[in-house]
Every structure is written in structure tokens, then in C-alpha cells.
Amino acid sequence: MSKLFIIGFKDLRVMFRDRAALILMLAAPFVLTLGLGLVTGGFNQSTGAVSNIPVVVVNNDDGMLGQSLANLFASAELNDLFDVTREPDAAAARRLVDEGTTAAAVLIPAGFTGSIIPDSQTGQSGDLVRVEVYRDPGRPVSSGVAQAVVESFISQVETGRIGGQIAVEQLLASGAILPADIPQVVQTMSHGPAGQADRDIIQVRNTATDAAGPNEIDPMAFLAPGMAMLFLMYTVSLGGRSILDERREGTLARMLSTPTRGSQVLTGKTFGIYFVGVAQMMILIVASSLLFRLDWGDPLAVFVLVLSIVAGAAGWGLLLAAVAKTPSQVSSVGMAMALLFGLIGGSFFGGTITGPLGTLSKITPNSWGQDGFAMLARGDSLVDLLPVIAALWIMCFVLVGVAVAIFNRKGMLQR
Amino acid sequence: MASLVEVKNLVRKFGDNTAVADISFTIEEGEVFSLLGPNGAGKTTTISMLSCLLEPTAGDASVGGFSVTSQPLQVKNVIGVVPQEIALYDDLTALENLMFWGRMYGMGGAALKQRVSEVLEQVGLADRAKERVKTYSGGMKRRINIGVGLLHRPRLLFMDEPTVGIDPQSRRNILDSVKELNRQGMTVLYTTHYMEEAEELSTRVGIIDHGKLIALGTQRELTKLVGEMDTLRLHLNDGDDVASLADGLRSLPEVIQATTLDHQIALIVPDAQEALPPALSKSMDLGYKVRSVDIEEPNLEAVFLHLTGRALRD
Ligand SMILES: Nc1ncnc2c1ncn2[C@@H]1O[C@H](COP(=O)(O)OP(=O)(O)OP(=O)(O)O)[C@@H](O)[C@H]1O
Ligand SMILES: [Mg+2]
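Residues numbered from 1 in each chain as written. Chains lettered and ligands numbered in written order. Predicted model: local features only at pLDDT ≥ 70, side-chain atom pairs only at ≥ 80, totals over all residues. Heavy atoms only, no water.

What about the sheet that holds strand S10 (residues 212-217) of chain B?
Residue and element names in this part refer to chain B. Stated formally: Two strands form a pair only when DSSP identifies at least two bridges running between them. Strands here are runs of E lasting at least two residues and helices are runs of H or I lasting at least four, both read from the DSSP assignment and numbered beginning at the N terminus. Note on definitions: angles span 0 to 180 degrees between N-to-C directions of axes, and those axes are lines fitted to C-alpha atoms, for helices only across the stretch in contact.
Taken in spatial order, the 6 strands line up as S6-S7-S8-S3-S9-S10 in an open sheet, and their pairing is mixed. At either margin of the open sheet sits one strand with a lone partner, and together these are strand S6 (79-82) and S10. Averaged over all neighbouring strand pairs, the angle between strand axes comes to 15°, with direction disregarded. Direction of pairing for strand S3 (residues 32-36) relative to strand S8 (residues 187-192): parallel, over a ladder of 5 bridges. In the strand pairing of S8, phenylalanine 33 is matched with leucine 189.

Shown next, in the form of C-alpha cells:
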């Protein structure tokens, strides 16, 4: 086994034996997410679900499908979930989302029914037109719920249940078919254009900016990653501190007295910080998706994002260890750094700061991570995330480079 | 054949403070070589340079034929190090500590497991191997600390004051295992400020003071330096002012040197028979009751005293 992993896994083991560290790493972010979530209304007390999501529905379709989708949003079953306004004009509806008045707009275009259900006279269906869900990414959960309702409706259309039922009613009423022909007609329809994937029928678009006002954002969606990253920054400072602790305890010298180079020891310690950070983030993410039912997005992309965030954070931990003189200095500065980075990086409120502070916030892994997690929650893919990932790794390499230079100058890694 | 260790004019300065001032010596394969010296003499600094942890300010040394300045990795493969301060992970068990350090020496797999249980047996802690080191007594920690240095069966073992601050039983255990390791063929560089340990263990002893090697040889060679001196050791009661009594005794013509340690006074005298009666009556005159007296042949303590005018421990 490579020295890097030997040292890194040792650190992982040591850290997970330390009860005080575990409380700060895992329990504290969880409790804070929960606490702040309750305070800011992230949960509906009884069900833990969101409610009264403001949605605007524009139905320009005069067919049955458009009507029934629009009715679905206003139905008794979904009455608690949505606060629906009707709006005749698509542009006006989009504006409502842009302004942050509503979380999403469901835009049903003219000819929607016709594009799915064959014309009763000709038996032909029209060109495909799409239902559009126009979302506010600042409210990933609320707008996601609206999207999910549209998706499930469309998937029922696809399997032929809604479309078939409505179409058959129409055909029967117009006298175009006889009751005896029904099974065959339904069969034909379910192999028609409606058989295409639902993604083709729904078009999801996001507003360019997070439009919603601060208290209208779903707090859990940014609090969970925010708190995780806040305490991640503290964890990496603990990792950095362990380098100075080991120097003081003599285990660093002992490692150097084995056939191991100073550079290997430092890399090993960096791996240790990294492993602990990744473990912490993944535990928090899995726990919050199970307990808070939080949807973080594509699991692979989430994992890659975590690897990148922790890389940037580990860079800071290492730099802290390089500049500090004593272990306790690392802890106190680390605590301050975690809070400061959390504050300017948006861990507490999720929004992006503008102006000079906003630019400054780009030195924090928190800010990039917050953006990344918001993108994933709104359904973006790994590819969309590439700039964020690149930024975090660049941050990592720059910080590690500087830290190593300082360690070298201090002669801490002799031989 | 060349010596296992050859130290050539090693110097180490910390700023203006010269910790090691130009020392040279050799250690032959199979020896237990002790560096005997008081606090701050430069023992740890010497070992740190020999184990490639500190760069010499000047001079060089070879270990197993490799230079400590230019071939550190090769040197580290030859040596095992038992540092003066216990260097273990408190939150890991003894077993986990040994496994980790074994891997750091490039060991692994079944061979490492086998070796770890051997070492645990050797230091007498096999039955407590699965407890965290933080629950251990000082003596037990010291034993694991030594065990780590033995894992990869080094040709040469550096032991830096391995018995400081522990109970007599653990100390016995450690001294016995040093002798056993040496019997099995391991060469040992041992530092201490206990002359009894140096006497019991060493093939040769180097006496170090203020960074200089002031004497080097077998115990017999060294004690010859003192000439025909004896040591009279007077044991006094708790609470006696041994320092002022020592001052009084120093004025006797029969006494060359007087030093104190706990409730004892050691007198260096040309002839024990002749010096004993005046020493006892002087003590009585000054109002002290001597509980018992030992007469000792010349020892390393006397050598140190003779060479420096100071006691090894103050
Ligand atoms: N890292 C250091 N920086 C500055 N001075 C040092 C350092 N290490 C040792 N010294 C000084 O060098 C001298 C020798 O110290 P060293 O630790 O080698 O003595 P020692 O013989 O091992 O003593 P002890 O028996 O107390 O362990 C002392 O004066 C000490 O203060
Ligand atoms: Mg020392």
C-alpha cells in the first residue's frame, strides 16, 4: 500500500475515534440544518412537506389534455400543495416567475392535445408541441414539485391512460367509432407519437437568475449543503491542526525516521484531511436525503462535486497548518475561517452576494459548492457543473502549492 | 570490515547554542554503545542527526555504510528508532499502532501480522493489544514505543532514554529486552543519564557533556581514569539538608568530591577505610544521623564527577 494511503487511512481512523470531533463534524451540521430549517419554515410541521407553492398555469390549448392538466393543478387533491393562479399570457406568466412572485410557470401551448391525440376525422395527430415548465432555480424544491406533477401527468398520457380515455370519449361522442372498436383504437394510439419519452413533451426551463426574495426560498435546499460545508471547513482545519499536533507529539518525526520522504508524509497528511472531509460530506448528504427527503440530484454528479469541494477545502486546511505556529492557533483561526467562509459563501442564506464581497466569496469552497449543489438540485448534469468543478480544483492546487512552499521554507519537511 | 556507525566531526548548532560540538566515534556491529550524559548534553541531538531527522551543521556520519547527509532513505532502512518522547497515537490501540508503523517500514500482509504479535509478546503486552494506548500506564506506553522500533528487525537500534519516568518493573523489563535483543545480534545505541544502566548494558560507553564527548571506552577503561578512587555513599533521613552536609564533608582532607542525590551523599575518596570514620564523626558533629553507608568501587558516576566536577544528575 502506498505511504499516502497508509497515512491517510490512519488519519481517517484517528479522526473517527475522536468523539468531540465527530460531534462537530456530523452532529452539529445536522442539528443546525434541522434547527435553522424549522426557524425559516423549511418544514411543514406535521408532514415535513412543502405546501402552498405559488404556481401560475397558462392554458392556451383548447383540447381535453390541456384542460385536464390545468384542472389537475387546481384539483382538490393538490389544493394544499399549490397556490394556483391562471394567466392567459405566457410572457406575463414568465415574468411572474422572473419577479419571484411564483415558483414556476406551467405553459400549455395551443395545439397540445392535437399533437398527441389523433384527429377524429383524419386520424392524424399534429406536430409535437411541448408543455413548458418555467422554473425559479432559487426554489429548487417548490418548482421541482410543480415539474414532477407535470411529468407524472405526461407519463400517464404516454402510457395511454389519460390520452386514451379522453380521446375515446371524444371519438365516441362524435360518433366516429363504435363501442366495439374501442380496444383497437386505444392500441393504435398508445403506439402513436405519445409513445415518445416524456422529456420530449415537457420542456423545462429555468429563469436566468434566482429571482425569489430571501424568505421565499426553500431553506432546506441550501441549508443542508450550507451547513455541511460550514463544518467541512472546520473539519479541514482539524486536519491541518493534526499536522502540528503530530509534530509536537513526535509522531511526525517518527514517520520521517522510517524510510519515508517528507513530501510523502505531507501528501499523506493531505490525503488524511481529504478522506475525512469526503467521508463527512457523504455521510451528511446520505443522512439528509434519507431523513429530510432532500433530493440532491444526480448521485454521480453529487459525488464528483463533493470530491471537488473537499479538494478546495483541504487546500485551505493545509495552508492554515502551514502558516500557523501552534495547534491551538490552527483551531481558533480555523473556527473563524469556517464561520467567515460560511457567511460570505452563502451557507446561511443560499443566495449569491454581489459586489466586492461577492467577488471575494469566490475564494471560498462554500460559494462554489453552494452554486454547484443548487445546480444539481435543479436537475443540471455533470457537464453543466464543469466550471464549478474546475474552479474548485484550481483552488486546491494553488493553495496546496503555496502551503508546500511555506512548509519547505520552514524546513518542516526536512528530507 | 568498516564499523556499523562512523561519526566524523559532527556539529549541530541551534542559533548560537552549540548542542553537539564536534564529536567523533564508531560503533561496531554487535555492540551496545551507550551515550551517558546529563540533561542537555546533546544525546538526542546526536541521535537525531544519526537518524537523518536533523541536518548536521558540519561533519558527517555513516550508518551501515550510508551517509546520513546524502543517503537518508538507505540509512533509515538500517535503523530502528525509539524516541525519547513517546510517539504513538493515543486514540489507536497498541495493535493498530504497531500495524501502522510496520506499514510505514514497508511491511505488510501476513508477515506484518505475525511480526506484530511477536513484538507484542516480546514487550509483554499481547493481552492488552486491543486497548487504546491512551488507557495504558506510562511504562506500558514506553514498551509499545520500543516495540515500534523493533518491528522491521533493524540491524541497528537507537534507544533514546527509554526508561525515563517509569516504574522499576517496566524498567527491568526494558533493560532485559535490550540485553536479549543484543544477544540475538542487534547493535544498540543507547542514551541515558543513569550510570547504572550504562554499566549494566554497555560494551562501551561514551560520556557526553555540553555537546562534547569527554571520555570513551569500556567501563574498565573509563574507571581507570579516576585512578584508585572509591565512592562512599551515605544514606540519610528524609528531610535532612543533604546539601549543607555535603558542604561540610567537602572540607575534610580525606574527601576529594561530594555530591548529593535525593537523601544520599556520594563522596569520592582515595581510600574508603580511611575516610569513613572522619566522615561519620563530621556528620554527627553537624547534627545528622547517617542511616547506612555503601562502599563502592569506582563507577561511571565517579568518572563523570572526576571529569566534570559535577554529578550526572543534579
Ligand atoms: N530544536 C531545538 N532548538 C533549539 N535548541 C535545541 C533544540 N533541540 C535541542 N536544543 C538544545 O540543544 C542542547 C542539547 O539538547 P539535547 O536534547 O540533545 O540534550 P539531551 O542530552 O538529549 O538532554 P536530555 O537528557 O534532557 O534529553 C540543549 O541545550 C537544548 O536546549
Ligand atoms: Mg534527550
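Concerning a positive patch on the surface
All names here are of chain A. Basically, it comes down to this: Here the term patch refers to residues with relative accessible area over 30% and no salt bridge, with like charges joined within 9 Å and nonpolar side chains (Val, Leu, Ile, Met, Phe, Trp, Tyr) within 5 Å. Note on areas: these come from Shrake-Rupley sampling with a 1.4 Å probe, and a residue is covered only by the protein chains present in the view. For salt bridges, the criterion is a side-chain nitrogen of Lys or Arg within 4 Å of an Asp or Glu carboxyl oxygen. Charged residues are defined narrowly, with Lys and Arg counted positive, Asp and Glu counted negative, and His plus the chain ends left uncounted. To locate a charge, take NZ of a lysine, CZ of an arginine, CG of an aspartate or CD of a glutamate.
Judged by side-chain charge, Arg247, Arg248, Lys325, Arg409 and Lys410 come together as a positively charged surface patch. For the positive patch, the secondary-structure elements that each account for two or more residues are helix H10 (219-249) and helix H17 (382-410). Along the chain, the position of arginine 247 falls in helix H10.

Some details on a nonpolar patch on the surface
A cluster of nonpolar side chains, namely Met335, Leu339, Leu343, Phe348 and Phe349 of chain A, defines an oily patch on the protein surface of about 440 Å² accessible area. Relative to the helices and strands, leucine 343 of chain A is located in helix H14 (residues 327-344).

A closer look at the pairing of S6 of chain B
Residues and elements named next belong to chain B. The condition is simple: Exposure is judged per residue with a 1.4 Å probe applied to protein chains only, and the accessible area is read against the type maximum: over 50% gives exposed, under 20% gives buried, and values in between give partly exposed.
Of the two faces of S6, the one holding Ile79 and Val81 and the one holding Gly80 and Val82 are both buried throughout. Across 4 bridges, S6 lies against strand S7 (residues 156-160) in parallel orientation. Residue pairing across strands places valine 81 opposite phenylalanine 158, the latter belonging to S7.

Digging into the environment of leucine 50 of chain B
Residue and element names in this part refer to chain B. Formally: We call two residues contacting when some pair of their heavy atoms lies within 4.5 Å.
Tracing the sequence through the fold places leucine 50 in helix H1 (residues 43-50). Under the relative-accessibility criterion, leucine 50 is labelled buried at 0%. Leaving out residues up to four positions away in the same chain, leucine 50 has contacts with Val5, Val7, Leu10, Phe25, Ala61, Val63, Val68, Val75, Ile79, Phe158 and Leu189.

Notes on the site of ligand 1
Residue and element names in this part refer to chain B. Keep this limit in mind: Nearness is judged by heavy atoms alone; a residue qualifies as near a molecule or strand once a single heavy atom is within 4 Å of it. The term polar contact refers here to a pair of N or O atoms within 3.5 Å; inside protein, the definition further demands a hydrogen-donor-capable atom paired with an acceptor-capable atom, and it admits residues adjacent in sequence only when both atoms are side-chain atoms. Amino acid classes used here: Ala, Val, Leu, Ile, Met, Phe, Trp, Tyr, Cys and Pro are nonpolar; Asp, Glu, Lys and Arg are charged; the rest, including Gly, are polar.
Around ligand 1, 13 residues are found, and the nearest of them are Gly40, Lys43, Thr44, Thr45 and Glu161. A distance of 3.0 Å is found between an oxygen atom of ligand 1 and a side-chain nitrogen or oxygen belonging to asparagine 39. In isolation ligand 1 offers 630 Å² of accessible surface; the protein chains occlude 62% of this area. Of all the secondary-structure elements, those providing two or more residues to the shell around ligand 1 are strand S2 (17-27) and H1. The leading source of residues in the shell around ligand 1 is H1, at 3 residues. Of the residues in the shell around ligand 1, the class split is 4 nonpolar, 7 polar and 2 charged.

Section: the nonpolar core
For soluble globular proteins, the rule of thumb is that nonpolar side chains tend to be buried together. All names here are of chain A. Stated formally: Definition used in this section: a nonpolar core is a set of buried Ala, Val, Leu, Ile, Met, Phe, Trp, Tyr and Cys residues joined via side-chain atoms within 4.5 Å.
Ranked by size, the top nonpolar core spans 63 residues in total, and within it Met233, Met281, Leu305, Val306, Trp316 and Phe373 carry the most contacts. Mapped by element, the contributors of at least two residues to this core are helix H2 (19-39), H10, helix H12 (262-291), helix H13 (299-323), H14, helix H16 (365-377) and H17. With 15 residues, H13 is the largest single contributor of residues to this core. The residues contacting methionine 233, other than those within four sequence positions of it, are Ala313, Trp316, Met337, Ala338, Phe341, Pro365 and Asn366.

Here we look at unusual backbone geometry
All names here are of chain B. Although it is not a glycine, aspartate 22 adopts a positive phi angle of roughly 60°. Secondary-structure assignment places aspartate 22 in strand S2. Residue classification places aspartate 22 among the partly exposed positions, given a relative accessible area of 44%. Positive phi, normally seen in glycine, also occurs at histidine 210, with a value near 50°. Classification of histidine 210 as exposed rests on a relative accessible area of 56%.

Examining the domain arrangement of chain B
Heads up, the condition is: Boundaries between domains were set according to an automatic or database domain assignment.
Its domain assignment divides chain B into domain 1 (5-223) and domain 2 (228-297). For domain 1 of chain B and domain 2 of chain B, the distance between their C-alpha centroids amounts to 36 Å.

A word on the interface of chain B and chain A
This is how the line gets drawn: The term buried area means the drop in 1.4 Å probe accessible area that two parts suffer when joined, counted for both and summed.
Across the contact, 31 residues belong to chain B and 23 residues belong to chain A. Among the residues chain B hides against chain A, the three largest losses belong to Leu53, Tyr89 and Met104 of chain B. Together they make up 24% of the total. Joining chain B to chain A, the criterion identifies 2 salt bridges. Arginine 13 of chain A is the partner of glutamate 96 of chain B in a salt bridge, and the nearest nitrogen-oxygen pair spans 3.6 Å. Put simply, the parts of the chain that give the side of chain B that touches chain A at least two residues each are helix H2 (72-78), S6, helix H3 (94-104) and helix H5 (138-150) of chain B. The residue inventory of the side of chain B that touches chain A, partitioned by class, reads 20 nonpolar, 5 polar and 6 charged.

Quick look at the coordination of the magnesium ion (ligand 2)
All names here are of chain B. Basically, it comes down to this: Here the term donor refers to an N, O or S atom within 2.8 Å of the metal (or 3.2 Å for Na, K and Ca), and because water is left out of the atoms, sites may appear incomplete.
On the protein side, the magnesium ion (ligand 2) has Thr44 (OG1) and Gln84 (OE1) as donor atoms, found 1.8 to 2.0 Å from it. With a gap of 40 residues between them, threonine 44 in helix H1 and glutamine 84 in the loop between S6 and H3 connect regions that are remote in the sequence. Taking relative accessible area as the criterion, threonine 44 reaches 31% and is therefore assigned partly exposed.

Side note on the packing of aromatic side chains
For clarity, the cut-off: Stacked, edge-to-face and tilted are the three classes for Phe, Tyr and Trp ring pairs, Trp counted by its six-membered ring, which pair at centre distances within 6.5 Å; planes under 30 degrees apart are stacked, over 60 edge-to-face, the rest tilted. Whether a charge lies above a ring is judged from NZ of Lys or CZ of Arg, which has to be within 6 Å of the ring centre and within 35 degrees of the ring normal.
Applying the stated criterion across every chain yields a total of 14 aromatic pairs over all chains. Judged by centre distance (6.5 Å) and plane angle (55°), the rings of tyrosine 274 of chain A and tryptophan 393 of chain A are tilted. Of this pair, tyrosine 274 of chain A sits in helix H12 while tryptophan 393 of chain A sits in helix H17, placing them 119 residues apart in sequence. Between phenylalanine 100 of chain B and tryptophan 101 of chain B, the ring centres sit 4.9 Å apart and the planes meet at 70°, which makes this aromatic pair edge-to-face. An aromatic cluster is defined as three or more aromatic residues linked by ring pairs; in this entry it consists of Phe5, Phe9, Phe271 and Phe275 of chain A. The residue whose ring lies beneath arginine 94 of chain A is tyrosine 134 of chain A, and the NZ or CZ to ring-centre distance is 5.7 Å.

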